[in-house]
Amino acid sequence: MDMIRVEPRCRVLIDNDWAGDPDGLVALAHHAMSPANAIVGVTSSLTNPMFGPPAGMAQKGANLAGELLRVLKSPEPAVAHPGSDSPFTGQPRDNPAARAIAATAAAGGVLPLVLVCAGPLTNVADALLLDPAVASSLTLAWVGGATANDEEYNYFTDPAAADFVLGNQELSVWQFPAETYRQVVAPVAELDHAFRNSGAAGAWLWELFNSLDVPDFVKFGPLWCLGDSAPLVVTGLDDATSTFTETRNHPSRRTYPSVDTRLIMADFLAKLRLQQ
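Predicted model only: the values in this text are computed from it and were never measured.

### Some words on the overall build of the chain
1) Next: Assigned secondary structure in the chain consists of ten helices and ten strands.
2) Next: Whereas a compact globule of 276 residues would reach a radius of gyration of roughly 19 Å, the chain reaches 17 Å, a difference of no more than 12%.
3) Next: Dimensions along the principal axes, computed over C-alpha positions, put the chain at roughly 45 × 45 × 35 Å.
4) Next: At a minimum sequence separation of 6, the contacts of the chain that also span at least 24 residues come to 79%.
5) Next: Just so you have it, the chain exposes about 12,600 Å², and 56% of that area is on carbon and sulfur atoms.
6) Next: On the chain, the mean spot of the 17 positive side-chain charges and the mean spot of the 30 negative ones are 6 Å from each other.

See below:
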């Protein structure tokens, strides 16, 4: 039986450090299962050295993202484009991720384009250097930074890239800072049950979570943060039950102090079950 029809509301270009924390791949699955958005590109960024030697990690992440999209039988795209494995240099770098972002922005379309980045802003910075027109062609929804003086992971993985991107006066930004995205949590038991009982996509995610290579000192608790899913309220769902502050300047800058976690998780789990 077909799902109740939902009209698409935006095009989505998704960038993440897919070889890092697995919550990014959960968010990718959620985006791919959401008919309210149309994924028009996926790019893979560098990871923090805490996940191991950086060489090859962007490509590893691209492979993981592409594999998940194929398991989900996503019509387009079925591949992810890797970026550089090193932080932003301030000099133009021609890599597949930067080219993909620039090309997607230049292609245009009827629906607005949202670039969802839930990792370091390295690929976004490289794309802006490659083609400055990217800034006026899309809205960046970034999971990162912090309103307090906090050493937030996505910012400090590549602070030069973050400062360059956020300093661009032509770019609209919707920010989901640490204080907000850390609210998006799920009980591990609920995730375990959902993954085990949700077809090929659930099985793929279950195996991913159970094969994580982490240091011995890392101990998992009863909750898992799925912070990379926070931007679903501006792509596959709606932010009517979330809150944000917005500047009156152009381009707009929004900061989301809260998102509807229950809406995000209920929608993800329902869509995962419908994949069976």
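### Quick word on the environment of H31
1) Next: Looking at the element boundaries, H31 is found in helix α1 (residues 23-32).
2) Next: As a C-alpha pair, H31 and M57 span 26 residues in sequence and 22 Å in three-dimensional space.
3) Next: In contact with H31, other than residues within four places in its own chain, are V12, I14, N37, I39, V116, L232 and T235.

### Observations concerning the sheet that holds strand β6 (residues 172-176)
1) Next: The mixed open sheet is built from eight strands, whose spatial order is β3-β2-β1-β4-β5-β6-β10-β9. Lying at the two open borders of the sheet, with one neighbouring strand each, are β3 (81-82) and β9 (243-246).
2) Next: Both β6 and strand β10 (residues 253-258) contribute to a ladder of three bridges, which runs parallel. Bridge assignment links Q175 to a residue of β10, and that residue is T255.
3) Next: α1 contacts β1 (10-16), β2 (37-44) and β4 (113-117) of the sheet and is inclined by roughly 150° relative to β2.
4) Next: Packing of helix α2 (residues 57-71) onto the sheet brings it into contact with β2 and β3, and relative to β2 it is tilted by some 150°.

### Overview of helix α10 (residues 261-274)
1) Next: Taking 1.5 Å per residue as the helical rise, α10 with its 14 residues ought to reach 20 Å, and the 20 Å between its terminal C-alpha atoms agrees with that figure.
2) Next: For α10, the full list of buried residues reads T261, I264, M265, D267, F268, L269, K271 and L272.
3) Next: Looking at the packing, one finds that the buried side of α10 touches α1, β7 (185-187), α8 (188-196) and α9 (199-210).
4) Next: The residue sitting at the N-terminus of α10 and contributing the capping side-chain oxygen is D260; that oxygen lies 3.3 Å from the backbone nitrogen of R262.

### A word on the pattern of salt bridges
1) Next: With the rule as written, the count across this model stands at eight salt bridges.
2) Next: Between R9 and D238 there is a salt bridge, with its nearest N and O atoms 3.9 Å apart. Separated by 229 residues along the polypeptide, R9 in the segment before β1 and D238 in the loop between β8 (223-225) and β9 bring together distant segments of the chain.
3) Next: Residue class for R9 comes out partly exposed when judged on its relative accessible area of 32%.
4) Next: Linked through salt bridges whose partners overlap, the residues forming this network are D239, E246 and R254.

### Observations concerning the nonpolar core
1) Next: Grouped together as the largest cluster of nonpolar side chains are 51 residues, with contacts concentrated most on L25, L28, F176 and F268.
2) Next: Setting aside its immediate chain neighbours within four residues, L25 contacts W18, L64, A65, L68, W204, L205 and L208.
3) Next: A161, A162, L171 and V173 belong to the second largest nonpolar core, which has 24 residues in total.

### Focus: the side chain of D267
1) Next: Checked against the element boundaries, D267 lands in helix α10.
2) Next: You can call D267 buried: its relative accessible area is 17%.
3) Next: In contact with D267, other than residues within four places in its own chain, are H30, S34 and L237.

Thresholds applied
Residues numbered from 1 in each chain as written. Predicted model: local features only at pLDDT ≥ 70, side-chain atom pairs only at ≥ 80, totals over all residues. Heavy atoms only, no water. Helix = DSSP H or I, 4+ residues; strand = E, 2+ residues; numbered from the N terminus. Rg over C-alpha atoms; globule rule 2.2 N^0.38 Å. Contact = heavy atoms within 4.5 Å. Areas by Shrake-Rupley, 256 points an atom, 1.4 Å probe, with all protein chains shown as cover. Lys, Arg positive; Asp, Glu negative; His and termini not counted. Charge placed at Lys NZ, Arg CZ, Asp CG, Glu CD. Pairing = 2+ DSSP bridges. Axes fitted to C-alpha atoms, helices over the stretch in contact; angles between N-to-C directions. Expected span 1.5 Å × (residues − 1). Buried < 20%, exposed > 50% of the residue type's maximum accessible area, 1.4 Å probe, protein only. Polar contact = N/O pair within 3.5 Å; in protein donor to acceptor, adjacent residues only side chain to side chain. Salt bridge = Lys/Arg side-chain N within 4 Å of Asp/Glu carboxyl O. Core = buried A, V, L, I, M, F, W, Y, C linked by side-chain atoms within 4.5 Å.

Coordinates in, geometry out; function isn't part of it.
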